[in-house]
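An overview of the molecular structure
The lines below spell out each chain.
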Amino acid sequence: MTATYITTTIPFVNARPHIGHALELVQADVLARHRRGRGDAVRFQAGTDDNSLKNVLAAQAAGIAVREFVDRNAEAFGALGGALSLTVDDFIRTSRDPRHRPGVERFWRACSADLYRKRYEGLYCTGCEQFFTPAELRDGRCPDHDTVPEQVSEENWFFRLSRYAGPLREAIATGRLRIEPAGRRNEVLAFIDGGLADFSVSRPATRAGGWGIPVPGDPGQVIYVWFDALCNYVTALDYGSDGVAYRRWWAGDGDRVHLLGKGVLRFHAVYWPAMLLSAGLPLPTGIFVHDYLTAGGRKISKSAAGAAAFEPAALAAGYGADAVRWWLLREVPRTGDADFTVERLVARSDDELANGLGNLVNRVVAMIRRYRDGRIPAPAPVPPGGADLDAAIRQAGDLIGAALDEFDFRRATEAVWAIADEANRFINRARPWDLARAGDTAGTRLDAVLCLLARACSALGRELAPFLPDAAARISRQCTPRDGRLPAPSPVFRRLAPRSASPGR
């Protein structure tokens, strides 16, 4: 049995979550459910980055104690598991979890040969928790936050990143460390080829307000948030005590997959692998990168005006977890940003879920009850005009697996949608109501038509499970006979926008 360890990044908790955080969580959940479904042993981990200077400054601006502020926002991130129907196995909080600090301290000591102190002066963006060179800025501003970085001069601990350019390039170029999509892999290779500079891995404790994990043996410094946060991928596995979880999920032969946004690619594809090499630990096997969600063409930010309108828990409460998950999986491309609006979410849900999948299941169940007393006809040869639907059913599993292996959720959901789309077309071609009116002369063909449509609906319940688990369960209940008969049809999806009544069969 293959062991698969899937992680999301752990976001700063300087504000409540927005829909962009839901994207990564839902993608990870789909991968976790899919791999469990094919028999893998899966661990899906998420969490929050509590030890950031950004959190401290936000708490000060709000006039709230840092501990209270961090706890309150971290709770909102943790609640997304229930709101979005996620199967998170572990949720780590870096300021609260007893596994984290000893693991970070052990990791620091494991990297000691590559750590040294020096004075540094540079341009620092608190929003990114990152130093920038002038060439990396856009008109003197942070490219993500559009703010002018702060000029910072301080003495910190540094990590010898420059030592690992060759091993990093080899791991990525050979695919031992796989980065998808290919454009992101090329971006990382170009960054490495441009020369790697050592980077700061600590901050003065005074500037951090005393918040964070002290540097072992140097309490005047706290470990830089990125070094601290990246360690969560192993500290949650009891790396601090070399526990069973670490040996199974990280040191074993399985897959170690990180999901992350393009803005933190450098940290995960360069800094973190170099730190692992320094500590003598295995590398991740895969890094899957998504682009941004935007609103009005601008990246959605937790702290931006109007961010409350994009809270995923509120969206799920108002429109349903199915609608939120479906929009994220169907609308967001493998590469490129996606602009979010509630209107687009509603339109996608009504068009494909309510009118497409839901209406199909209801029609098929109703016809089987009306024409065959709720009993699904015995298996029969594919009827005339049903070849495309039969192919969509048979091919869906392989197409979904291939797409998810390529981190392409839109292509994976297309294989599910193809079943519904072909089934609705087949109904219009086969016209089962006409066959029923024809009586005995068309009875055998009607059985074959209804059998194929029942297969299609059952396949939807099966193949939809990683993407919309709640809806998949409802569809499967509709398509599972009780005492030999299908239950009465009931709505699988609700319409989110009002419409005028339209005739139906």
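Here's what I pulled together on the structure shown here. Note that this is a predicted model, so its numbers are computed, not measured.

This part takes up the overall build of the protein chain. Each helix and strand counted, the protein chain has 19 helices and 16 strands in total. Taken over the C-alpha trace, the protein chain has a radius of gyration of 26 Å; the compact-globule value for 505 residues is 23 Å, and the two agree within 12%. Within the protein chain, buried positions represent 57% of all 505 residues. Once local pairs closer than 6 in sequence are excluded, the contacts in the protein chain between residues at least 24 apart make up 77%. Carbon together with sulfur atoms contributes 50% to the accessible area of the protein chain, which is approximately 20,200 Å² in total. Across the protein chain, the centroid of the 65 positively charged side chains sits 4 Å from that of the 59 negatively charged ones.

Spatially, β15-β14-β16 is the arrangement adopted by the three strands of the open sheet, whose pairing is mixed. The open sheet has two edge strands, β15 (298–299) and β16 (338–339), and neither has a second partner.

Another point: the pattern of salt bridges. Counting across every chain of the model gives 45 salt bridges. We note a salt bridge from D29 to R33, for which the minimum N-O separation is 2.8 Å. Pair noted here: D29 and R33 are both in helix α1 (residues 19–37), with a separation of four residues, about one helical turn. The exposure class assigned to D29 is buried, which follows from its relative accessible area of 0%. With a relative accessible area of 21%, R33 lands in the partly exposed category. It is possible to trace a salt-bridge network through shared partners that takes in D50, R67, D71, R93 and R96.

Right, let's get into the side chain of N156. With respect to the secondary-structure elements, N156 resides in strand β6 (residues 150–159). Given a relative accessible area of 0%, N156 falls into the buried group. Within polar-contact distance, the side chain of N156 engages the side chain of E154 at 2.9 Å.

All right, on to helix α15 (residues 387–405) then. Between its terminal C-alpha atoms α15 stretches 27 Å, which fits the 27 Å expected from 19 residues at 1.5 Å a residue. Residues of α15 that are buried include every one of L389, D390, A391, A392, I393, A396, I400, G401, A403 and L404, and no others. Elements in contact with the buried residues of α15: α1, α16 (409–430) and α18 (443–463). Phi turns positive, to about 60°, at F407, one or two residues after α15.

Within the secondary structure, R394 sits in helix α15. A residue is classified by how much of its surface remains accessible, and R394, at 54% relative accessible area, is exposed. Separated by 65 residues in sequence, R394 and A459 place their C-alpha atoms 8.9 Å apart. Here the side chain of R394 touches D390 through a polar contact of 2.9 Å, side chain to side chain.

How two aromatic rings sit relative to each other is set out by the distance from centre to centre and by the angle between their planes. Within this structure, the stated rule accounts for 20 aromatic pairs. Measuring from ring centre to ring centre gives 6.0 Å for F159 and Y164, while their planes differ by 10°; the resulting arrangement is stacked. Here F159 and Y164 have matching classes, each one buried. Feature note: the residues Y5, F107, W108, W157, F227, Y233, Y239, Y246, W250 and W272 constitute an aromatic cluster, connected by ring pairs. Taking NZ or CZ as reference, K118 lies 4.7 Å from the ring centre of F158, over its face. The side chain of R370 reaches across the aromatic face of Y371, ending 5.6 Å from its centre.

Counted residue by residue, strand β12 (residues 255–261) has six buried out of seven residues, so it is predominantly covered. Here strand β1 (residues 3–8) runs beside β12; their pairing, made up of five bridges, is parallel. Bridge pairing in β12 links T8 to L259. Relative to strand β13 (residues 286–290), β12 is paired through five bridges, and the arrangement is parallel. For H258, the partnering residue across the bridge sits in β13 and is I287. On the question of chirality, the crossover connecting β12 to the parallel β13 by way of helix α11 (residues 265–279) is right-handed.

Most peptide bonds take the trans form, and the phi angle of most residues other than glycine is negative. Residue E180 is joined to P181 through a cis peptide bond whose omega torsion reads 0°. Its location among the elements puts P181 in the loop between β7 (178–180) and α7 (182–193). One non-glycine residue, D238, lies in the positive phi region at around 65°. Phi at R431 takes a positive value of approximately 50°, unusual for a residue other than glycine. Relative to the assigned elements, R431 resides in the loop between α16 and α17 (432–438). The class for R431 is partly exposed, based on a relative accessible area of 34%.

Within the open sheet, the three strands sit side by side as β9-β11-β10. Their pairing is antiparallel. Bordering the open sheet on either side are β9 (202–204) and β10 (214–215), each of which pairs with just one other strand. The pairing of β10 with strand β11 (residues 218–223) spans two bridges and is antiparallel. Paired with P214 across the bridge in β11 is V222.

On to the packing of helix α6 (residues 165–173) against α7, then. Contact geometry for α6 and α7: axes closest at 10 Å, N-to-C directions at 160°. Between α6 and α7, the angle falls in the class roughly antiparallel. Crossing angle aside, the handedness with which α6 passes α7 is left-handed. Residues A165, L168, R169, I172 and A173 of α6 lie in contact with α7, whose contacting residues are R185, V188, L189, I192 and D193. Here the contact of α6 with α7 is built from residues that sort into seven nonpolar, no polar and three charged.

Conventions used here
- Residues numbered from 1 in each chain as written.
- Predicted model: local features only at pLDDT ≥ 70, side-chain atom pairs only at ≥ 80, totals over all residues.
- Heavy atoms only, no water.
- Helix = DSSP H or I, 4+ residues; strand = E, 2+ residues; numbered from the N terminus.
- Rg over C-alpha atoms; globule rule 2.2 N^0.38 Å.
- Buried < 20%, exposed > 50% of the residue type's maximum accessible area, 1.4 Å probe, protein only.
- Contact = heavy atoms within 4.5 Å.
- Areas by Shrake-Rupley, 256 points an atom, 1.4 Å probe, with all protein chains shown as cover.
- Lys, Arg positive; Asp, Glu negative; His and termini not counted.
- Charge placed at Lys NZ, Arg CZ, Asp CG, Glu CD.
- Pairing = 2+ DSSP bridges.
- Salt bridge = Lys/Arg side-chain N within 4 Å of Asp/Glu carboxyl O.
- Polar contact = N/O pair within 3.5 Å; in protein donor to acceptor, adjacent residues only side chain to side chain.
- Expected span 1.5 Å × (residues − 1).
- Phe/Tyr/Trp six-rings, centres within 6.5 Å; stacked < 30°, edge-to-face > 60°.
- Lys NZ or Arg CZ within 6 Å of the ring centre and 35° of its normal.
- Right-handed = clockwise from strand over helix to strand, strands pointing away.
- Axes fitted to C-alpha atoms, helices over the stretch in contact; angles between N-to-C directions.
- Parallel < 35°, antiparallel > 145°, perpendicular 65-115°, else oblique.
- Left-handed = near helix turned anticlockwise from the far one by under 90°.
- Nonpolar A, V, L, I, M, F, W, Y, C, P; charged D, E, K, R; others polar.

Treat this as a map of the structure, not an account of what it does.
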